[in-house]
Amino acid sequence: MIGLSEHPAATRPSTIGSIGRPRLVRGIGAADLTAYAAHLAVHGPLPQPGRAELLAMLDAAALSGRGGAGFPLANKIAALRPGGRPVVVVNGAEGEPASAKDGTLLRCTPHLVLDGAAVAAGAVGARRVLVAVTDPATAAVLRMSLNSRPDRSWFEVREVADTFIVGEARTLIEALNGAAALPPGRRVLPTDRGVGGQPTVLSNAETFAQLGLLARIGAREFSAVGTPTEPGTVLLTVSGAVAKPGVLEINYGTPLGALAAAVDAGPSQAVVVGGYHGTWLPADPAIELSRAGLAPFGATMGAGAVIFVGEHTCGLAELARVTRWLAEQSTRRCGPCAFGLPALAADVEAIAAGRADPAVAERHARLVTGRGACAHPDGAVRFVRSGLAVLADEVGTHRAYGGCRRSDAGHLSSPGGLE
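In this text the structure is predicted, and so the values were computed from the model without any measurement.

Trainee: Tell me about the sheet that holds strand β4 (residues 129-133), and please be specific about residues and values.
Mentor: Within a sheet, neighbouring strands are paired by backbone hydrogen bonds and run either parallel or antiparallel to one another. Taken together, the four strands give an open sheet; going across it, the order is β5-β4-β3-β6, and neighbouring strands pair in parallel fashion. The outermost strands of the open sheet, each flanked by one partner alone, are β5 (155-159) and β6 (200-204). Averaged over all neighbouring strand pairs, the angle between strand axes comes to 20°, with direction disregarded. As paired elements, β4 and β5 share five bridges and run parallel to each other. Within β5, the residue paired with Val129 across the bridge is Phe155.

Trainee: Kindly report on the pairing of strand β2 (residues 15-18), identifying the contributing residues and their values.
Mentor: The alternating pattern of β2 places Thr15 and Gly17 and Ile16 and Ser18 on opposite faces, both of which are buried. Bridge analysis of β2 against strand β8 (residues 246-251) gives three bridges, and the strand direction is parallel. Paired with Ile16 across the two strands is Val247, which belongs to β8.

Trainee: Account for the pattern of salt bridges, with residues named and values stated.
Mentor: Taken as a whole and judged by the stated rule, the model has 19 salt bridges. Between Arg128 and Glu156 there is a salt bridge whose closest N-O contact spans 4.0 Å. Within this pair, whereas Arg128 is found in the loop between α5 (110-124) and β4, its partner Glu156 is found in strand β5, the two being separated by 28 residues in sequence. Assessed through its relative accessible area of 35%, Arg128 is described here as partly exposed. Residue Glu318 pairs with Arg321 through a salt bridge whose shortest N-O separation is 3.0 Å. With Glu318 and Arg321 both in helix α11 (residues 315-328), this residue pair falls three residues apart, about one helical turn. Put simply, Arg66, Lys101, Asp102 and Glu206 are held in one network by salt bridges that share partners.

Trainee: Can you break down the packing of α11 against helix α14 (residues 376-390) residue by residue, with the values?
Mentor: It is the contact of α11 with α14, at a shortest axis distance of 11 Å, that shows an interaxial angle of 170°. In this view, α11 runs roughly antiparallel relative to α14, as classed from their interaxial angle. Each of Leu316, Leu319, Val322, Thr323 and Leu326 in α11 lies in contact with α14, whose residues at this interface are His376, Ala380, Phe383, Val384, Gly387 and Leu388. Its residues assigned to classes, the contact of α11 with α14 shows eight nonpolar, three polar and no charged.

Trainee: Give me the lowdown on the environment of Ile165, citing residues and values where you can.
Mentor: For Ile165, the location among the structural elements is in the loop between β5 and α7 (169-176). As for Ile165 and Leu182, which are separated by 17 residues in sequence, their C-alpha atoms are 7.6 Å apart.

Trainee: Any details on the nonpolar core? Residues and values, ideally.
Mentor: By size, the foremost hydrophobic cluster in this structure holds 53 residues, and its most contacted members are Leu58, Val88, Phe155, Leu211 and Leu214. The biggest single contributor to this core is α5, with 10 residues. Counting 39 residues, the second largest nonpolar core, distinct from the first, contains Trp280, Trp325, Val381 and Leu388.

Trainee: Break down unusual backbone geometry for me, citing the residues and quoting the values.
Mentor: Of note, Ala62 is a non-glycine position whose phi angle comes to about 50°, a positive value. Checked against the element boundaries, Ala62 lands in the loop between α2 (51-61) and α3 (73-78). Accessibility expressed as a relative area gives 36% for Ala62, which makes it partly exposed. Residues other than glycine seldom take positive phi values, yet Arg405 does so here, at roughly 70°. Mapped onto the secondary structure, Arg405 falls in the segment after α15 (392-401).

Trainee: An account of the packing of helix α12 (residues 335-352) against α14 is needed here, citing residue identities and associated values.
Mentor: Two elements in contact, α12 and α14, have axes separated by 11 Å at closest approach and are oriented at 15°. Accordingly, the angle class assigned to the pair α12 and α14 is roughly parallel. For the pair α12 and α14, the crossing hand works out as left-handed. The segment α12 lies against α14, with Pro336, Cys337, Leu341, Leu344, Val348 and Ile351 engaging His376, Pro377, Ala380, Val381, Val384 and Leu388.

Trainee: Kindly report on the state of the cysteines, identifying the contributing residues and their values.
Mentor: The final tally for this structure, using the stated rule, is zero disulfides. Free cysteine: Cys314, not disulfide-bonded; nearest cysteine sulfur from Cys404 at 3.6 Å. A relative accessible area of 17% means that Cys404 is categorised as buried.

Trainee: Break down the packing of aromatic side chains for me, citing the residues and quoting the values.
Mentor: Taken as a whole and assessed by the stated rule, the structure comprises four aromatic pairs. Judged by centre distance (5.8 Å) and plane angle (85°), the ring pair of Tyr276 and Phe383 falls under edge-to-face. One end of the pair, Tyr276, is in the loop between β10 (268-273) and β11 (279-281); the other, Phe383, is in helix α14, with 107 residues separating them in the sequence. Accessibility assignment for this pair places Tyr276 and Phe383 in one class, buried. An aromatic cluster is defined as three or more aromatic residues linked by ring pairs; in this entry it consists of Phe164, Tyr276, Trp280, Trp325 and Phe383. Here the basic side chain of Arg23 rests over the ring of Phe222, its NZ or CZ set 5.6 Å away from the ring centre. A cation over an aromatic ring shows up here: Arg291 above the ring of Tyr252, its NZ or CZ 5.7 Å from the ring centre.

Trainee: I'd like to hear about α2, residue by residue, with values.
Mentor: Residues of α2 that are buried: Leu54, Leu55, Met57, Leu58 and Ala61. Burial along α2 is one-sided: seen end-on, the buried residues are contained in an arc of 160°. Opposite its buried face, α2 presents the exposed residues Ala52, Asp59 and Ala60, each directed more than 90 degrees away. If you follow the buried residues of α2, they end up packed against α3, α5 and α8 (205-222). In the stretch just after α2, Ala62 is the one whose phi turns positive, near 50°.

Each value, and the rule that gives it
- Residues numbered from 1 in each chain as written.
- Predicted model: local features only at pLDDT ≥ 70, side-chain atom pairs only at ≥ 80, totals over all residues.
- Heavy atoms only, no water.
- Pairing = 2+ DSSP bridges.
- Helix = DSSP H or I, 4+ residues; strand = E, 2+ residues; numbered from the N terminus.
- Axes fitted to C-alpha atoms, helices over the stretch in contact; angles between N-to-C directions.
- Buried < 20%, exposed > 50% of the residue type's maximum accessible area, 1.4 Å probe, protein only.
- Salt bridge = Lys/Arg side-chain N within 4 Å of Asp/Glu carboxyl O.
- Parallel < 35°, antiparallel > 145°, perpendicular 65-115°, else oblique.
- Contact = heavy atoms within 4.5 Å.
- Nonpolar A, V, L, I, M, F, W, Y, C, P; charged D, E, K, R; others polar.
- Core = buried A, V, L, I, M, F, W, Y, C linked by side-chain atoms within 4.5 Å.
- Left-handed = near helix turned anticlockwise from the far one by under 90°.
- Disulfide = S-S within 2.5 Å.
- Phe/Tyr/Trp six-rings, centres within 6.5 Å; stacked < 30°, edge-to-face > 60°.
- Lys NZ or Arg CZ within 6 Å of the ring centre and 35° of its normal.
- Arc of directions from axis to C-beta.

Shown next as structure tokens:
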């Protein structure tokens, strides 16, 4: 394991490191990578492949998005509506409270993210790149960093509302178009009609950082780590019952046990993977951190967050608290958000108090699933269903005795905190 470093530019979290050789986090802590010259000294000059060359490189490296959906970047570029003036959007609106990886990249090694956006923009003929963030301090770092770039005229840093839902692609497009940061309720893809009605390539900050790396080292070296079907590395924000919370870069396929050892995790009753739209899993050290390894559990990497839920907290109390928070984060734009999620939160609270059976929550979960104006209700249901399944023994204890005599230790509070 490469040493975990304390870095003053990273306000959230303070620990940044890697398991294995660092790529994205290379140089963080050793140099001020907000300076363009220092960035080039670490990563080297940036090639500018054409569209066909870039698509071939993306296909060869199987570069998937490092955000919620994990959609292949090549598919987004290939799907751009012809005839428009493409726009590139870096989604740095990290509304997921359990994730700090994109903000860490944007604050600590911003040029790697900007490089990836520049590569995409050059390949598709875009000369407008919007970098969307919610944190004023991150926006200030980006604006300062852009001053030294030769392509700075392409970029514009935009601050958007700091809400959980703003990171959803279509909601972010609404905000960038000057509308309220609310899901539009229509299934129009950004690649067809995005910023200003133009075809738009939108991915999160880590995806563009991976592209900035791939353009330099090529598909062969990029694929030298990871698994045959999922090459490369991925960033994870790790929190909960751990001694060393922070952002870690790991190779795809790393076992959960290796991650637990790296962050000094305590004995855990469960692990939440993917953030608060993610999935509760048993704390099995053999679970492989990859799409293939998580698929049997119905889980994905999602927002790139892993939270260890320790043995000494009340898991049901933690589940109930976050479910209530998810309900409060809804935009009330559709019935599932306005009525379904508050009802689901009340169900989970009743289960935690030993007053209800999980069947009650399942009824509301079925009424919510697949009916929202965006993916928020579905994500909340996945979080609740998987939590109740993994905590089944706890549910029985609470039902029999009205509780478990353990308090809510706040392991799901995460970087940034949930009040």
